[in-house]
Amino acid sequence: MLTSLRRGDGSVYLTVERNQRDNWIHARWYGHQTLGTIMDGGLTYVEMLRTEPCPKLLNDHQNLIGAFTEANTWIQQVWTPLIINAGLRYFAQVVSPDIFSQLSIENLQQRIGDTLQMQLFEDIEMAEAWLRAQEPGV
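Since we're looking at a predicted model, the values are computed, not measured. (Residues numbered from 1 in each chain as written. Predicted model: local features only at pLDDT ≥ 70, side-chain atom pairs only at ≥ 80, totals over all residues. Heavy atoms only, no water.)

Some details on the packing of helix 1 (residues 35-51) against helix 2 (residues 72-85)
(1) Moving on: Put simply, helix 1 and helix 2 touch, their axes get as near as 9 Å, and they point 15° apart. Between helix 1 and helix 2, the angle is such that the two are roughly parallel. In the crossing of helix 1 with helix 2, the sense of the turn from one axis to the other is right-handed. Between helix 1 and helix 2, the residues in contact are Leu35, Ile38, Met39, Gly42, Leu43, Tyr45, Val46, Leu49 and Arg50 and Trp74, Ile75, Trp79, Leu82 and Ile83, respectively.
(2) Moving on: Class assignment for the residues of the contact of helix 1 with helix 2 results in twelve nonpolar, one polar and one charged. (Axes fitted to C-alpha atoms, helices over the stretch in contact; angles between N-to-C directions. Helix = DSSP H or I, 4+ residues; strand = E, 2+ residues; numbered from the N terminus. Parallel < 35°, antiparallel > 145°, perpendicular 65-115°, else oblique. Left-handed = near helix turned anticlockwise from the far one by under 90°. Contact = heavy atoms within 4.5 Å. Nonpolar A, V, L, I, M, F, W, Y, C, P; charged D, E, K, R; others polar.)

Quick word on a nonpolar patch on the surface
(1) Moving on: Where nonpolar side chains cluster on the molecular surface, the patch consists of Ile99, Phe100 and Leu103 and spans about 300 Å² of accessible area.
(2) Moving on: The class for Ile99 is partly exposed, based on a relative accessible area of 46%. (Patch = residues over 30% accessible without salt bridge, like charges linked within 9 Å, V, L, I, M, F, W, Y side chains within 5 Å. Areas by Shrake-Rupley, 256 points an atom, 1.4 Å probe, with all protein chains shown as cover. Salt bridge = Lys/Arg side-chain N within 4 Å of Asp/Glu carboxyl O. Buried < 20%, exposed > 50% of the residue type's maximum accessible area, 1.4 Å probe, protein only.)

Some words on the nonpolar core
(1) Moving on: Core analysis: the largest hydrophobic core is formed by 30 residues, its most contacted members being Leu14, Trp29, Tyr45, Leu57, Trp79 and Ile83.
(2) Moving on: Every element with two or more residues in this core is listed here: strand 2 (12-19), strand 3 (24-31), helix 1, strand 4 (56-64), helix 2 and helix 3 (99-112).
(3) Moving on: With residues up to four places along the chain from it excluded, the contact list for Tyr45 reads Leu14, Val16, Ile25, Ala27, Trp29, Leu57, Asn59, Trp79 and Ile83.
(4) Moving on: In this structure, Leu58, Val94, Ile124 and Ala127 belong to the second largest nonpolar core, which totals ten residues. (Core = buried A, V, L, I, M, F, W, Y, C linked by side-chain atoms within 4.5 Å.)

Structure below.
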């Protein structure tokens, strides 16, 4: 089932779906993000994992634009402990072609890379292959 989160103007900023076959959550982000959209999206992941645990997240930023560094403290201090407690272990991040988004995700990886197995990828196929290679419980 696909969940779409929308801005006040009706435009979609995030779609999230569970990939049952590969046992991961696939999130696709669109456009500019705010602290509010990132918090709502992140908490959507947490609820999905609490409802039906799975250890893997495919987080796709290919259509994301701009920096989101202001959200990284919240992601590090609030979201990361929640998502780990909900069962996440492997975090495959497909980076945006936008340089400001790339810098934001690199900053985030420095902050949380020791607590989650997080890898950055330039294309979705490499991210999917890495996630498939991760065994749950390892």
